Every structure is written in C-alpha cells, then in structure tokens.
Amino acid sequence: MMQLYWAPRTRSFTALWMLGETGQPYERVLVDVTTGAQKAPDYLAINPMGKVPALKDGEVSLAEAAAICAYVAERCPDAKLAPEIDDPKRAKYLQWLFFAPGCIEPAIVQVATKLEMNPVAAGWGEATRVFDVLDQALANGPWILGENFSAADVVIGSGLNFAIRIFKMVPSRPSFDAYIARCAARPAFQRAEKLASGQ
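What comes next is a walk through the structure. (Residues numbered from 1 in each chain as written. Predicted model: local features only at pLDDT ≥ 70, side-chain atom pairs only at ≥ 80, totals over all residues. Heavy atoms only, no water.)

### So, the side chain of glutamine 110
In this fold, glutamine 110 is placed in helix α4 (residues 90-113). Looking at glutamine 110, its side chain comes within polar contact range of the side chain of tryptophan 124, at 2.7 Å. Glutamine 110 has contacts with Leu115, Met117, Trp124 and Ala127, leaving out every residue within four places of it along the chain. (Helix = DSSP H or I, 4+ residues; strand = E, 2+ residues; numbered from the N terminus. Polar contact = N/O pair within 3.5 Å; in protein donor to acceptor, adjacent residues only side chain to side chain. Contact = heavy atoms within 4.5 Å.)

### Section: the sheet that holds strand β3 (residues 54-57)
Taken in spatial order, the four strands make up an open sheet running β2-β1-β3-β4, and their pairing is mixed. With partners counted over all chains shown, the strands left at the sheet margins are β2 (27-30) and β4 (60-63), one partner each. Sheet twist, expressed as the mean angle between neighbouring strand axes with direction ignored, is 20°. Most of the contacts of helix α3 (residues 65-75) go to β4, to which it runs at about 140°, and overall it touches β3 and β4. (Pairing = 2+ DSSP bridges. Axes fitted to C-alpha atoms, helices over the stretch in contact; angles between N-to-C directions.)

### Examining the environment of alanine 67
With respect to the helices, strands and loops of the structure, alanine 67 is situated in helix α3. Residue class for alanine 67 comes out partly exposed when judged on its relative accessible area of 33%. When the C-alpha positions of alanine 67 and leucine 55 are compared, they lie 9.8 Å apart, and in sequence the two are 12 residues distant. (Buried < 20%, exposed > 50% of the residue type's maximum accessible area, 1.4 Å probe, protein only.)

### With respect to the packing of aromatic side chains
One pass over the structure, following the stated rule, counts 10 aromatic pairs. Seen in terms of ring centroids, tryptophan 143 and tyrosine 179 are 6.1 Å apart; in terms of plane orientation they differ by 65°. Their pairing is edge-to-face. You can see tryptophan 143 sitting in the loop between α5 (127-140) and α6 (151-166) and its partner tyrosine 179 sitting in helix α7 (residues 174-184), a full 36 residues away along the chain. Every member of this aromatic cluster is reached through a ring pair, and the members are Phe13, Trp17, Trp143, Phe149, Tyr179 and Phe189. Seen from the ring of phenylalanine 149, arginine 186 lies directly overhead, with NZ or CZ sitting 3.5 Å from the centre. (Phe/Tyr/Trp six-rings, centres within 6.5 Å; stacked < 30°, edge-to-face > 60°. Lys NZ or Arg CZ within 6 Å of the ring centre and 35° of its normal.)

### Thoughts on the nonpolar core
Counting 60 residues, the largest nonpolar core has Trp17, Trp96, Leu134, Ile144, Ile156 and Leu160 as its most contacted members. Secondary-structure elements contributing two or more residues to this core are β1 (3-6), α1 (12-22), α3, α4, α5, α6, α7 and α8 (187-196). When residues in this core are grouped by element, the largest group, nine residues, is from α4. Every residue in contact with tryptophan 17, bar those within four places of it in the chain, is listed here: Phe149, Asp153, Val154, Gly157, Ser158, Cys183, Arg186, Ala188, Phe189 and Ala192. In this structure, Tyr5, Ala7, Val31 and Ala63 belong to the second largest nonpolar core, which totals eight residues. (Core = buried A, V, L, I, M, F, W, Y, C linked by side-chain atoms within 4.5 Å.)

### Notes on the pairing of β3
By the bridge criterion, three bridges tie β1 to β3 in an arrangement that is antiparallel. If you follow glutamine 3 over to β3, its bridge partner there is lysine 56. With four bridges joining them, β3 and β4 adopt antiparallel strand pairing. Bridge pairing links lysine 56 to serine 61 in β4. Turn length for the β3-β4 hairpin, with the two strands adjacent in sequence and antiparallel, is two residues, and the turn residue glycine 58 shows positive phi of about 65°.

Treat this as a map of the structure, not an account of what it does.
Below, the structure is given as structure tokens:
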C-alpha cells in the first residue's frame, strides 16, 4: 500500500486529491511541520528537500507533487487519470503536467511578489503570457484535455485553487473561476480539502 507523507495546510493537498481520485486505499503518514519533523533524518531519507508531500510505494520513494501525480496515475491505470502511451493526447497531457510547476507556479510567485524578471532569462517567460496560454486552453474545457479529466487537472487545479480561490495571489479570469468550480465539485477534491484543512 502506498504511503503519503503529508501535513495539513500545505501542498500535500495536491497528492491527497490525486490519491482520492484513484479510489484506491493508501496510508497517510502525518509529518508535523510545526515541530520540524520534516527535517528529521528519517524523513530526509525519503525527501532530502525536507518538504511535503512525499510518497513511498514499497522500496520506491519520491517527492514533488506533480511527480507524485504522474506516478500514481501510472500505478493506478484503472482510474484513467493519464492517457495511454499510444493515445495522441498523451503528449499534451505531459506538457500540461509539467507546465504547472514549470510555468504556472513561477508566474504566480512573480505576480504575487511583483518580482521583475527578464522574460528571456525566466524559464516560464512572461507571467501574463503563461496566464493567457492557460486561459485559452481552458476556454474549451471542461478539462485541460477536453472531455477527459486527468492528473494534469489535479496539478493545475490545485495551483489555481491555491493562488486564486484561497490566497488571491493573482487576478482571476472567467475561465479560471469556472475551472476551479468544476474541480471543487469533484468528491475527491472535497475530501482532500477537508483533510488538508486539518478536519
């Protein structure tokens, strides 16, 4: 059984949501970040960055929320949270899965902190362009791949929910609001929200 190392009110929400979407049992292992448990040697052996979430699956361990989502999607194929390897949508699935931590998160931080950055030097380019591209992709909906909900939606939806709905770090757009509402209507999202809030 997979073990999710997590803490309330952290990015663990993404992994909680993803595991909930599979419908498969897993074990939650609380890492009390308020006491510094994430810096303990036994936890650093699982995630040397000392952050949550992290996942163990037998002898395998990994961190980074998007990587956890990709791994879980592959380990639970019956949940259909990733296109098959020969599905033409597989390429766009991978693109969006990595677009979230590679472009959306840095763009959110840039806007929220008013950080001036040369777009040529920034791996994500221009923050406004990141949001324009995402806006255009979500306009067709309902999900990032059209009709098929996937792990990419978990990663993107989590980030937008965090940045727009919860902390209001960046301005919203109609397509973002509608997308977040669709994500928030999913039962696995709602269960993860309760867990992540410490309930």
